[in-house]
Amino acid sequence: MSNGQWYPPEWPDRIRALAAGELTAVTPRRAATVMLLKDTPEGPAVHMLRRRASMAFAGGAYVYPGGGVDERDSRPVRWAGPALAEWTVRLGVDDEAAAQAIVCAAVRETYEEAGVLLAGETADSVVGDTTGDDWEADRAALVDRELSFAEFLDRRGLVLRSDLLGAWARWITPEFEPRRFDTWFFVAALPEGQRTRNASTEADRTVWIRPADAAAGYDKGELLMMPPTIATLRALGRYEAAADALAAARDQDLTPILAQARLEEGRLVLSWPGHDEFTKHIPTGQSPVGGGTAGEGSVGDSPAGGSPATGPAEPTGGAR
């Protein structure tokens, strides 16, 4: 039975070209994505978006809200939570400006794509309902890049609540992809009084779903996902409450996960360190069509497909 692993048919040719020195790896762009959780009687549910089937990249895949870092995300903002020096160490970056930009991108993209804002008027408060027309005008201005996140927070008199985020994982798009992202995955709980909505132009559906149910849908080939998405879903399925997952974030390993490709006995082998379930064995001279077979890591026949089988090449609800 084929699972829902997204696997574009052009990968084998690109892997061969990279190995032959015919392809130059592009520098990955920094990005952030947020696994937004809320408690239900059956346990925590996570907010996911389905990319429009018409999207050239990962059409139909389920992903978390997220996207690339805006160069303006490093502008000074009112800040609450761990100091930037602490975030710099936790995220494994070289300076505080980079750490702030990544955290700001996570908060900004969650607001842009899900309408949820992790900010408050004080260091221990969070805004309530953000669905009014004036909020929507500001959200649209952020999406259109007419307004920086720093300007938005300043205009509203808000403090960014970095303490409401927990860094969870880091995945980097493979070197053979034409568009690459270095993506930090965060976990957060839905603030009281706020509600999600499909605010993304790249998604045709949003769902609240238990991680275990989403993983089961993937295993049956019913839900299309990329490796970072399903890997983080499986990890989230261990927790009985959103607060438990957020508390566990501090112990998560943020060593970057980058796919590796090698030739072995006449086959291309594509693997993700620490995640054997995603390994692909591709006969040289053959291009696969679709996803892999659960358990075997061989090439199957399911359709393509959220935070990629690689590390997001499009980390938004566009690991992407």
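Just so you know, these numbers come straight off a predicted model, no measurement behind them.

**Section: the environment of isoleucine 209**
Reasoning step 1: One can find isoleucine 209 in strand 10 (residues 203–209).
Reasoning step 2: On a C-alpha basis, the gap between isoleucine 209 and methionine 48 in space is 7.6 Å, while along the polypeptide they are 161 residues apart.
Reasoning step 3: Excluding residues within four positions of it along the chain, isoleucine 209 makes contact with Ala45, Val46, Met48, Ala214 and Leu223.

**Things to note about the packing of aromatic side chains**
Reasoning step 1: Evaluated as defined, the whole model comprises 8 aromatic pairs.
Reasoning step 2: Ring centres of tryptophan 272 and phenylalanine 278 lie 6.2 Å apart, and the angle between their planes is 85°; on these two criteria the pair is classed as edge-to-face. Residues tryptophan 272 and phenylalanine 278 agree in their burial class; the two are buried.
Reasoning step 3: Among the aromatic residues, those joined into a cluster by ring pairs are Tyr111, Trp135, Phe149 and Phe152.
Reasoning step 4: A cation over an aromatic ring shows up here: arginine 156 above the ring of tryptophan 135, its NZ or CZ 3.8 Å from the ring centre.

**Section: the nonpolar core**
In summary, soluble globular proteins display a tendency toward joint burial of nonpolar side chains.
Reasoning step 1: If you look at the biggest cluster of nonpolar residues, it comprises 39 residues, and the most contacted ones within it are Leu91, Leu117, Phe149, Phe152, Leu165 and Phe186.
Reasoning step 2: Within the residue set of this core, elements represented by two or more residues are strand 1 (29–40), helix 2 (84–91), helix 3 (96–114), helix 4 (133–143), helix 5 (149–156) and strand 9 (181–189).
Reasoning step 3: A total of 10 residues in this core trace back to one element, the largest contributor, which is helix 3.
Reasoning step 4: Excluding residues within four positions of it along the chain, leucine 91 makes contact with Ala99, Ile102, Val103, Ala167, Arg170, Trp184, Phe186 and Leu254.

**Some thoughts on the confidence of the model for the protein**
Reasoning step 1: Mean pLDDT over the protein: 84, with 82% of residues reaching 70 or higher.
Reasoning step 2: Throughout residues 287–320 the model reports pLDDT below 50, and contacts reaching past four residues in sequence, or to other chains, amount to 171 contacts.

**What to know about the sheet that holds strand 12 (residues 260–264)**
Reasoning step 1: One open sheet holds the 3 strands; their spatial order is 12-13-14, and the pairing between them is antiparallel. A strand with exactly one partner marks an edge of an open sheet, and here the two such strands are strand 12 and strand 14 (275–283). Looking at each pair of strands side by side, their axes are set apart by 25° on average, direction ignored.
Reasoning step 2: The sheet contact formed by strand 12 and strand 13 (residues 267–272) spans 5 bridges and is antiparallel. Within strand 13, the residue paired with alanine 261 across the bridge is leucine 270.
Reasoning step 3: The sheet contacts of helix 1 (residues 11–19) involve strand 12, strand 13 and strand 14, and relative to strand 13 the element is tilted by about 95°.

**What to know about the packing of helix 6 (residues 211–219) against helix 7 (residues 227–236)**
Reasoning step 1: The interhelical angle for the contact between helix 6 and helix 7, taken along N-to-C directions, is 140°, at an axis separation of 8 Å. Judged on the interaxial angle alone, helix 7 and helix 6 are oblique. For the pair helix 6 and helix 7, the sense of crossing is left-handed. Of the residues in helix 7, those touching helix 6 at Pro211, Ala214, Ala215, Tyr218 and Asp219 are Ile230, Leu233, Arg234 and Leu236.

Analysis parameters
Residues numbered from 1 in each chain as written. Predicted model: local features only at pLDDT ≥ 70, side-chain atom pairs only at ≥ 80, totals over all residues. Heavy atoms only, no water. Helix = DSSP H or I, 4+ residues; strand = E, 2+ residues; numbered from the N terminus. Contact = heavy atoms within 4.5 Å. Phe/Tyr/Trp six-rings, centres within 6.5 Å; stacked < 30°, edge-to-face > 60°. Buried < 20%, exposed > 50% of the residue type's maximum accessible area, 1.4 Å probe, protein only. Lys NZ or Arg CZ within 6 Å of the ring centre and 35° of its normal. Core = buried A, V, L, I, M, F, W, Y, C linked by side-chain atoms within 4.5 Å. pLDDT = per-residue confidence, 0-100. Pairing = 2+ DSSP bridges. Axes fitted to C-alpha atoms, helices over the stretch in contact; angles between N-to-C directions. Parallel < 35°, antiparallel > 145°, perpendicular 65-115°, else oblique. Left-handed = near helix turned anticlockwise from the far one by under 90°.

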